[in-house]
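# Architecture at a glance
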Amino acid sequence: MLKDKVKIIPRQKLEDSRGWFLKVLTGKEEELPPRTGEIYITVANPGEMKGGHYHPKAKEWFTLLTGKCTLMLVDIQTGEKLSVDIDAANPITVFVPNNIAHAFYNIQNAENFMLLAYSDELYDKADTIMYSF
Ligand SMILES: Cc1cn([C@H]2C[C@H](O)[C@@H](COP(=O)(O)OP(=O)(O)O[C@H]3O[C@H](C)C(=O)[C@H](O)[C@H]3O)O2)c(=O)[nH]c1=O
């Protein structure tokens, strides 16, 4: 039966005052290859920021799906800074290596932004170090 082949996996949207967060692929789905990462969507309300930290281990790839944001990047080893303005109307994927602090600011007053992310490591709270921008 087809219904026994496909899987419908319940997911949980985590909401807070900044917006919401949804894990799309946890990396623990049993059909995945042995070494995989995870996929999530994070949404920021107008004026809010997502991220604001760096990961000693995880590398991430980010694609803005809707809205606009300013991505602030700091190389925590050298202190070098970079700012990237992103508009979902002109799609790009940004690769952020480990040890690069990253913060996505929703500078718009009216619109949420929706960001899709792939992390090559499964979630580990100890791998997220807050960084003051
Ligand atoms: C990452 C993660 C988070 N959570 C919980 C913890 C919080 O209660 C809530 C939101 O997490 P966080 O504050 O880390 O969410 P964002 O600020 O949107 O950050 C996320 O998006 C930015 C752009 C990043 O760079 C982060 O790596 C990524 O965590 O989900 C979980 O339960 N499981 C998880 O795997």
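Residues numbered from 1 in each chain as written. Predicted model: local features only at pLDDT ≥ 70, side-chain atom pairs only at ≥ 80, totals over all residues. Heavy atoms only, no water.

Per the secondary structure count, the protein includes one helix and 11 strands. When the helices and strands of the protein are read in sequence order from the N terminus, they spell out α-β-β-β-β-β-β-β-β-β-β-β. A burial count over the protein gives 37% of its 133 residues as buried. Put simply, 70% of the contacts in the protein that link residues at least 6 apart link residues at least 24 apart. When the accessible surface of the protein is summed, it comes to about 8,300 Å², and 57% of that surface belongs to carbon and sulfur atoms. Between the averaged position of the 15 positive side-chain charges in the protein and that of its 18 negative side-chain charges there is a distance of 5 Å. (Helix = DSSP H or I, 4+ residues; strand = E, 2+ residues; numbered from the N terminus. Buried < 20%, exposed > 50% of the residue type's maximum accessible area, 1.4 Å probe, protein only. Contact = heavy atoms within 4.5 Å. Areas by Shrake-Rupley, 256 points an atom, 1.4 Å probe, with all protein chains shown as cover. Lys, Arg positive; Asp, Glu negative; His and termini not counted. Charge placed at Lys NZ, Arg CZ, Asp CG, Glu CD.)

Glancing now at the confidence of the model for the protein. Of the residues in the protein, 100% reach a pLDDT of 70 or more, and the chain-wide mean stands at 95. As scored by the predictor, the complex reaches a pTM of 0.91 and an ipTM of 0.92. (pLDDT = per-residue confidence, 0-100.)

The next subject is the UniProt feature "domain: Capsular polysaccharide assembling protein CapF C-terminal" (unreviewed entry) in the protein. Under the present numbering, the feature "domain: Capsular polysaccharide assembling protein CapF C-terminal" (unreviewed entry) in UniProt falls on residues 15-127. For residues 15-127, the helix share is 0%, the strand share is 54%, and the end-to-end C-alpha distance is 22 Å. (UniProt positions renumbered as here; feature names shortened; annotations may be inferred.)

Strands belonging to one sheet form pairs held by backbone hydrogen bonds; the direction of such a pair is parallel or antiparallel. With antiparallel pairing, the five strands of this open sheet are ordered in space as 7-6-9-4-11. Each edge of the open sheet carries a strand with a single partner, namely strand 7 (81-87) and strand 11 (129-130). As paired strands, strand 6 (residues 68-75) and strand 7 are joined by seven bridges and run antiparallel to one another. When the sheet's bridge partners are listed, L73 is paired in strand 7 with L82. (Pairing = 2+ DSSP bridges.)

Take the site of the ligand next. Near the ligand lie 16 residues; those nearest to it are R18, K23, T42, H102 and Y123. When isolated, the ligand has an accessible area of 650 Å², and the protein chains bury 76% of it. Of the pockets mapped on this structure, the ligand occupies the largest pocket. For the shell around the ligand, the elements supplying multiple residues, two or more each, are strand 2 (19-25), strand 3 (38-44), strand 4 (49-54), strand 5 (60-66) and strand 9 (100-105). Among the elements that line the shell around the ligand, the one with the most residues is strand 4, at three residues. Residue composition of the shell around the ligand, by class: seven nonpolar, five polar and four charged. (Near = heavy atom within 4 Å. 1 Å grid on protein atoms, 1.4 Å probe; cavity = no way out; pocket = protein on both sides within 12 Å on 5 of 7 lines; lining within 4 Å. Sits in = over half its atoms within 2 Å of the grid points. Nonpolar A, V, L, I, M, F, W, Y, C, P; charged D, E, K, R; others polar.)

Attention now moves to the nonpolar core. Formed by 16 residues in total, the largest nonpolar core has its most connected members in F62, L64, F104 and F113. The set of elements that each furnish at least two residues to this core consists of strand 3, strand 5, strand 6, strand 8 (93-96), strand 9 and strand 10 (113-119). (Core = buried A, V, L, I, M, F, W, Y, C linked by side-chain atoms within 4.5 Å.)

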